[in-house]
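Tertiary structure, described
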Amino acid sequence: MIRFLTAGESHGQLLMGIIEGIPSGLELTVSDINPDLARRQIGYGRGDRMRIEKDTVEITCGVRWGKTLGTPVGLLIKNRDWVNWSEKMSPDPSSADCMAAETKPRPGHADLQGIIKYSHNDTRNVLERASARETAMRVALGAVAKKFLNLFDINIFSHVVELGGIKIEVKDISPEAIMEKAESSELRCIDEQAETQMRKLIDDAKKKGDTVGGVFEIIITNAPTGLGSYSQWDKRMNARLAYSLMSIQAIKGVEVGLGFESAERFGSAVHDAIYYDDENKRFYRKTNRAGGIEGGITNGENIILRAAMKPIATLYSPLESVDVRTKKPFKASIERSDICAVPAASVVGEAMAAIEMANAMLEKFGGDSVEESKRNYLAYMEYVKGI
Ligand code: EPS
């Protein structure tokens, strides 16, 4: 089983991550992780922080001479902005009160609930950890999971399918082609016309001091039939993947396959008829409305997930709020922020999906070394062909 934890504040010294359960013998270097960190930082509509940070990872434990040891893998990402915050975010009590307490909670953030819950009098104690900065580490940990999945040819792709209500129109295109196009677009958008409109929308939002959200899609290819289970509620693969995506900051909804559209159609236009391919000895579907999961179990088709991200809550034209000390109304102060972070969120989505998929693969095939996992996987695939 894979477990992972992250630690670190947005303007703290660094982000830390531990991932446990990756078998031994997986080849892993920083060059497997850094490209994904860079991908997360790209995106039309990101704020100035992205110009300061150029995230790179250090592998601190669990890897020796380029291969995992089968023990917890530890990762670090240093925050470049720390130089400007070392006193303000210092763990040392001698720096206390070098900065005034922030008492003006921003609507849509964790600020107000956080100070009430943790009995703080300074929203900085909340926002530093609630910030989406933490997702940099999730992407790093996800890259480790992706490397493990690559052993089984499982690949995870993402692209932005909707932004502020503007939807892409492209259909019937392979996941590989989607990825190639998405990688060359600052909005991870494969539809040029839609992308032009999306950019304009972001520019307009910026002028108005507003922000925009959107929807990204995750496609997982080559997942074997049989991951997850109907046997218990928390084993269902759709539920597990939805949880993973819903845990990302600002995600408000997740769909699997047709998702909400299934509720509008007759059953005959929702379910996927089953066929058998004699040559390749496999059952298959000509449609994939289920999104690769039926009865909580992967069915061998591509897994299709979509997640809706709300617009970033920090608005340059702020909403009304109340100072927690004076109880007087105010308009939230202007903070450096992103106008749109949907493309970045889609890369985070890949990472979260990768970790859960790696978890499901290890649950099914086990293995303390990658050779053992692979052996078990190949034996199962032979069995599936023989059915
Ligand atoms: C974030 C606020 C901004 C974003 C940040 C997430 O940071 P700052 O307040 O320092 O300008 O840039 O995202 C990242 C730093 C990142 O790496 O994605 C927030 O409040 O969630």
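Please refer to the structure higher up on the page.
A brief look at the structure comes next. (Residues numbered from 1 in each chain as written. Predicted model: local features only at pLDDT ≥ 70, side-chain atom pairs only at ≥ 80, totals over all residues. Heavy atoms only, no water.)

Here we take up the packing of aromatic side chains. Under the counting rule described, the total for this entry stands at seven aromatic pairs. Their ring planes at 70° and their centres at 4.9 Å tell us that F152 and Y377 sit as a pair that is edge-to-face. Taken together, the residues span a long stretch of sequence, with F152 in the loop between helix 5 (135-150) and strand 8 (155-163) and Y377 in helix 10 (residues 370-385) at a distance of 225 residues. Here the aromatic cluster, defined as three or more aromatic residues joined through ring pairs, consists of F148, F152, F365, Y377, Y380 and Y383. Positioned above the aromatic ring of Y275 is the side chain of K286, whose terminal nitrogen or guanidinium carbon lies 4.1 Å from the ring centre. (Phe/Tyr/Trp six-rings, centres within 6.5 Å; stacked < 30°, edge-to-face > 60°. Helix = DSSP H or I, 4+ residues; strand = E, 2+ residues; numbered from the N terminus. Lys NZ or Arg CZ within 6 Å of the ring centre and 35° of its normal.)

Right, let's get into the environment of E320. Secondary-structure assignment places E320 in strand 17 (residues 320-322). Judged by relative accessible area, E320 falls into the exposed class, the value being 61%. Note: C-alpha distance between E320 and P107 (213 residues apart in sequence) is 7.7 Å. The contact partners of E320, leaving out residues within four places of it in the chain, are P107, F330 and K331. (Buried < 20%, exposed > 50% of the residue type's maximum accessible area, 1.4 Å probe, protein only. Contact = heavy atoms within 4.5 Å.)

Strands sit in the order 9-8-10-16-11 across an open sheet of five strands; the sheet is antiparallel. Both edges of this open sheet fall to strand 9 (166-167) and strand 11 (251-256), since each of them pairs with a single strand only. Here strand 10 (residues 214-221) pairs with strand 16 (residues 303-309) via seven bridges, running antiparallel. Bridge assignment links G214 to a residue of strand 16, and that residue is M309. The strands that helix 8 (residues 237-246) touches are strand 11 and strand 16; relative to strand 11, the one it contacts most, it runs at about 155°. (Pairing = 2+ DSSP bridges. Axes fitted to C-alpha atoms, helices over the stretch in contact; angles between N-to-C directions.)

Between helix 1 (residues 34-41) and helix 9 (residues 342-365), the least distance of the axes is 7 Å, while the angle of their chain directions is 145°. Contact with helix 1, carried on its side by D36, R39 and R40, involves A344, V347, V348 and E350 of helix 9 and no other residues of that element. Tallied by class, the residues present in the contact of helix 1 with helix 9 amount to three nonpolar, no polar and four charged. (Nonpolar A, V, L, I, M, F, W, Y, C, P; charged D, E, K, R; others polar.)

H11, R40, R46, R49, M50, S131, A132, R133, R336 and D338 make up every residue found near the ligand. In the environment of the ligand, an oxygen atom lies 2.6 Å from a nitrogen or oxygen atom belonging to the side chain of H11. Within the side chain of R46, an N or O atom sits 3.1 Å from an oxygen atom of the ligand. If the ligand stood free it would expose 470 Å²; the protein chains cover 89% of that surface. With respect to the detected pockets, the ligand is housed in the second largest pocket. In the shell around the ligand, the residues fall into two nonpolar, two polar and six charged. (Near = heavy atom within 4 Å. Polar contact = N/O pair within 3.5 Å; in protein donor to acceptor, adjacent residues only side chain to side chain. Areas by Shrake-Rupley, 256 points an atom, 1.4 Å probe, with all protein chains shown as cover. 1 Å grid on protein atoms, 1.4 Å probe; cavity = no way out; pocket = protein on both sides within 12 Å on 5 of 7 lines; lining within 4 Å. Sits in = over half its atoms within 2 Å of the grid points.)

Looking now at the sheet that holds strand 5 (residues 63-64). Taken in spatial order, the three strands line up as 3-6-5 in an open sheet, and their pairing is antiparallel. A strand with exactly one partner marks an edge of an open sheet, and here the two such strands are strand 3 (24-27) and strand 5. Pairing between strand 5 and strand 6 (residues 67-69): two bridges, direction antiparallel. For V63, the partnering residue across the bridge sits in strand 6 and is T68.

Attention now goes to the layout of surface pockets. Put simply, the largest pocket is a space of about 1,400 Å³. Mapped by element, the contributors of at least two residues to the lining of the largest pocket are strand 8, helix 6 (175-183), strand 10, strand 11, strand 13 (282-285) and strand 16. For the lining of the largest pocket, the element with the highest residue contribution is strand 16, accounting for four residues. In terms of residue class, the lining of the largest pocket is built from 14 nonpolar, seven polar and 14 charged. For the second largest pocket, the calculated volume is near 960 Å³. Contributing to the lining of the second largest pocket are 41 residues, with H109, S131, A132, R133 and I312 lying nearest its centre. (Points joined across faces, edges and corners; volume = space filled by probe spheres on them.)

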